[in-house]
Amino acid sequence: MPAEKRTLRSNRSDAEKARSNSQTSGSNKDKPAPATRSSTRSKAPQKPGSENRTTMPGDKSQTNGTDPVENGVHDPEDVEMGGDGMNGSKQDQDGDEEMTVIVPPSKASKRAGGSDQNSGDVAMGGTEDDGAKDSETVDPKAKAQLDIKNNFTLLERAVAHFDPRFTLRVLRAISSMRKQLSAELLAQVVVDTYQRSDSTASFLLKALDQEAAFDTMVDESSMNVDNGSKSPKSGIPKEIIPEIDVYLSILVQIYLYDSKQIQHGIEFSNALVEKLRTFNRRTLDALAARVYVYYSLFYEQIVPLPPSPTAAVITIRQPLLSALRTAVLRKDEDTQATVTNLLLRNYLSTSHISQADLFISHSEFPQDAPNNQIARYLYYLGRIRAIQLRYTEAHQHLTSATRKSPSTHSAAGFYQASNKLLTVVELLMGDIPDRAIFRQPALERAMHPYLLLVQAVHVGDLDAFVKVVQNHGATFRKDGTYTLILRLRQNVIKTGIRMMSLSYSRISLRDICLRLGLDSEESAEYIVAKAIRDGVIEATIDHENGYMKSKEIGDVYATQEPGEVFHERIQACLNLHDESVKAMRFPMNQHRLELKNAQEARERERELAKEIAEGDMDDDDAGGEFDGI
């Protein structure tokens, strides 16, 4: 390549000479232009693999012709540039040499021409590589086993740096490997991690019904050693920390729960909870909270099921209360928030609303709890307040829970449940939910019965409301909103009365009775009077003539309602700002570092001041004026 560059520069100098001669003589005015064009074109960037070569008159092997060139292409696109654009084979009078620039073939010509051997070789090599990649298949069980062992390193890092984010990463990774969990896989991890004499290994293998796993795995490993295919252990820590024990125990719980081994899961969870009480490590908080979740789920699957007053979930209330008391004393916020939600779920499953309300009044939910636990707590709180007829508080809690819950596919169940209950509470308050809620992809199918319910309440059609309740009663019972929906009958009647008060300035009680499907005029008179007293409509009743007379509608902006709504929106924005500030992460012990630096600066200042006072140093030696901190 250096020789080629020197040759191009020589051609350029010859072109300049030709330009000077042509300007002096004036005989050939058009010759400098092709030379300049050829030198300019030789500077253009080229693709890898292409070459620029200068062709001398005596060099026959590199001239443009029928002979193959170095890249094996016969070159229909080679461009030969000479001293003149019209006559490429002619040399100029002053000895300008012709230059041949070989242009690489285009991609289309490579595809079309089958005579290119190099391109054929590359295609064959690429096909072989693709076949090798396709032949290599990753075993999902082996990948899950490797992920479990790699998570041990994250748990060690969480303990070393006292950072719970590594533990949360480990817990989030469980969902990706959950389908691959099996007794053989977990037994293999236990054998690779623990020694035969370790009590934790026997505890885990007994729950998996793999007590002879050590003997089986040792025999297989010895056979592999004889065959020369022994694989060294990788990712196994030297010292087994309690976090790894609890992490593997959680995987065993998940396997037993997914395989419907409820009785074995209960026995294993009871022993695991007793073992957790002996630890007092803050790095175990997130793992211990997950243990209590599956501990409660196992008991919910025992017959009789939770709706029964004799359900088995009642028996775990005392252990959960003990765990909550211990978590509060140890300032374990993860376990405290999780156990609080489990207790509320326990009370609501058996319809013990008064006990749940009493528990809320005597307990305090941690402010720094995880966002998912806060959303659950607000949902349970909203359900309790709705049953207690405190619809305003229930609406606030459910709105916050809906905003905090993710709308992704992974949490679609909770998002749907919170929106269903919020819709019913809004109807009980006399409001109509926005139609855009029912058009969301995650809610459209699940909320269809509630859309029909809203339409019936919005129109005030009592017959349509009764038909919706009859057709979708099983769905409402499953969602736990059936008793609240039955309260909507009075709201449907009130809505119908309000629609008639807006449509008619005067209407008889008999017509109201016929339109609403009531039993008698007396009941219609009673309902209208109650609606007037509750502020639903603004009207008067003429008892003698038996009609209802509506009053003129005033300006709603002259009332306090717009200001109250605006105040609620501002309050929601301020609460969101406060929660965002609390959720921010800052470097640990950063303030201590700043105080240490300030203290060192003050000590240096005192030393300099002392030396200056003693006469050992002056202001010039100290670097001029010293600005202290």
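Preceding this section is the structure that the text describes.
Residues numbered from 1 in each chain as written. Predicted model: local features only at pLDDT ≥ 70, side-chain atom pairs only at ≥ 80, totals over all residues. Heavy atoms only, no water.

**Details of the overall build of the protein chain**
Consideration 1: Broken down by element type, the protein chain carries 28 helices and five strands.
Consideration 2: For the protein chain, buried positions account for 37% of its 629 residues.
Consideration 3: Taking as baseline every contact in the protein chain between residues at least 6 positions apart, the subset at least 24 positions apart corresponds to 63%.
Consideration 4: Summed over all atoms, the accessible surface of the protein chain reaches about 38500 Å², with 51% contributed by carbon and sulfur. (Helix = DSSP H or I, 4+ residues; strand = E, 2+ residues; numbered from the N terminus. Buried < 20%, exposed > 50% of the residue type's maximum accessible area, 1.4 Å probe, protein only. Contact = heavy atoms within 4.5 Å. Areas by Shrake-Rupley, 256 points an atom, 1.4 Å probe, with all protein chains shown as cover.)

**Observations concerning the environment of Leu509**
Consideration 1: You can see Leu509 is positioned in helix α25 (residues 509-516).
Consideration 2: With sequence-adjacent residues up to four places away left out, Leu509 is seen in contact with Ala524, Glu525, Gly546 and Tyr547.

**A closer look at the nonpolar core**
Consideration 1: Residues Ile148 and Phe465 are the most contacted members of the largest nonpolar core, which totals 131 residues.
Consideration 2: Those residues within four positions of Phe465 in sequence are excluded, and the remaining contacts are Leu453, Ala456, Val457, Ile485, Leu488, Arg489 and Val492. (Core = buried A, V, L, I, M, F, W, Y, C linked by side-chain atoms within 4.5 Å.)

**Digging into the packing of aromatic side chains**
Consideration 1: Under the criterion given, the structure shown has 11 aromatic pairs.
Consideration 2: Grouped by ring-pair contacts, the aromatic residues Tyr257, Tyr294 and Phe298 constitute a single cluster.
Consideration 3: The lysine or arginine in question, Lys260, covers the ring of Tyr257, its NZ or CZ lying 6.0 Å from the ring centre.
Consideration 4: Directly above the aromatic system of Tyr547 lies the positively charged group of Arg506, at a separation of 4.6 Å from the ring centroid. (Phe/Tyr/Trp six-rings, centres within 6.5 Å; stacked < 30°, edge-to-face > 60°. Lys NZ or Arg CZ within 6 Å of the ring centre and 35° of its normal.)

**As for the pairing of strand β5 (residues 547-550)**
Consideration 1: Bridging between strand β3 (residues 506-508) and β5 involves three bridges; their strand directions are antiparallel. Its bridge partner lying in β5, Ile507 is registered against Met548.
Consideration 2: Judged from the four bridges that link them, strand β4 (residues 539-542) and β5 form a sheet pairing that is antiparallel. Bridge pairing in β5 places Asp542 opposite Tyr547. (Pairing = 2+ DSSP bridges.)

**Let's talk about the sheet that holds β3**
Consideration 1: In space, the three strands of this open sheet follow the order β3-β5-β4, with antiparallel pairing throughout. Since the sheet does not close on itself, it has two edges, and those belong to β3 and β4, each with one partner. Averaged over all adjacent pairs, the angle separating strand axes in this sheet is 20°, with direction ignored.
Consideration 2: Relative to β3, α25 is tilted by about 75°, and along the sheet it contacts β3 and β5. (Axes fitted to C-alpha atoms, helices over the stretch in contact; angles between N-to-C directions.)

**Overview of a nonpolar patch on the surface**
Consideration 1: Together, Phe566, Ile570 and Leu574 make up an exposed nonpolar region whose accessible area comes to about 290 Å².
Consideration 2: For Leu574, the position within the fold is in helix α27 (residues 561-583).
Consideration 3: With a relative accessible area of 48%, Leu574 lands in the partly exposed category. (Patch = residues over 30% accessible without salt bridge, like charges linked within 9 Å, V, L, I, M, F, W, Y side chains within 5 Å. Salt bridge = Lys/Arg side-chain N within 4 Å of Asp/Glu carboxyl O.)

**Quick word on a negative patch on the surface**
Consideration 1: Among the surface-exposed residues, Glu600, Glu603, Glu607, Glu611 and Glu614 lie close enough to one another that they form a single negatively charged patch.
Consideration 2: Assignment of secondary structure puts Glu611 in helix α28 (residues 590-614).
Consideration 3: Glu611 gets classed as partly exposed once you look at its relative accessible area, which sits at 31%. (Lys, Arg positive; Asp, Glu negative; His and termini not counted. Charge placed at Lys NZ, Arg CZ, Asp CG, Glu CD.)

**Structural notes on α25**
Consideration 1: Within the sequence span of α25, burial applies to Leu509, Ile512, Cys513 and Leu516. One side of α25 holds all its buried residues, which, seen down the axis, span an arc of 100°. Turned more than 90 degrees from where α25 packs its buried face, Arg510, Leu514 and Arg515 sit exposed.
Consideration 2: In this structure, the buried residues of α25 make contact with α21 (462-471), α24 (488-503), β3, α26 (521-533) and β5.
Consideration 3: One or two positions beyond α25, positive phi appears at Gly517, with a value near 70°. (Arc of directions from axis to C-beta.)

**With respect to the pattern of salt bridges**
Consideration 1: With the rule as written, the count across this model stands at 14 salt bridges.
Consideration 2: With its nearest N and O atoms 3.0 Å apart, the salt bridge here joins Arg281 to Glu243. Of this pair, Arg281 sits in the loop between α12 (262-276) and α13 (285-300) while Glu243 sits in helix α11 (residues 242-258), placing them 38 residues apart in sequence.
Consideration 3: Classification of Arg281 by relative accessible area gives partly exposed; the value is 28%.
Consideration 4: In this structure, Glu274 engages Arg277 in a salt bridge whose closest nitrogen and oxygen atoms are separated by 3.4 Å.
Consideration 5: Shared partners join several salt bridges into a network, and the residues in it are Asp357, Arg385, Arg390 and Glu393.

**Topic: the side chain of Ser269**
Consideration 1: One can find Ser269 in helix α12.
Consideration 2: Separated by 2.9 Å, the side chains of Ser269 and Gln253 make a polar contact.
Consideration 3: Within the local environment of Ser269, its side chain forms a polar contact with the backbone oxygen of Gly265, the two atoms lying 2.7 Å apart.
Consideration 4: Excluding its chain neighbours within four sequence positions, the residues that come into contact with Ser269 are Gln253, Tyr295 and Phe298. (Polar contact = N/O pair within 3.5 Å; in protein donor to acceptor, adjacent residues only side chain to side chain.)

**Comments concerning the packing of helix α16 (residues 353-361) against helix α17 (residues 371-387)**
Consideration 1: The interhelical angle for the contact between α16 and α17, taken along N-to-C directions, is 125°, at an axis separation of 10 Å. Of the possible angle classes, the one that applies to α16 and α17 is oblique. Both α16 and α17 take part in a crossing whose hand is left-handed. Contacts between α16 and α17 involve Ile353, Ala356, Asp357 and Ile360 from the first element and Tyr377, Leu381, Ile384, Arg385 and Ile387 from the second.
Consideration 2: Residues of the contact of α16 with α17, tallied by class, amount to seven nonpolar, no polar and two charged. (Parallel < 35°, antiparallel > 145°, perpendicular 65-115°, else oblique. Left-handed = near helix turned anticlockwise from the far one by under 90°. Nonpolar A, V, L, I, M, F, W, Y, C, P; charged D, E, K, R; others polar.)

These values are about where atoms sit, not about what they do.
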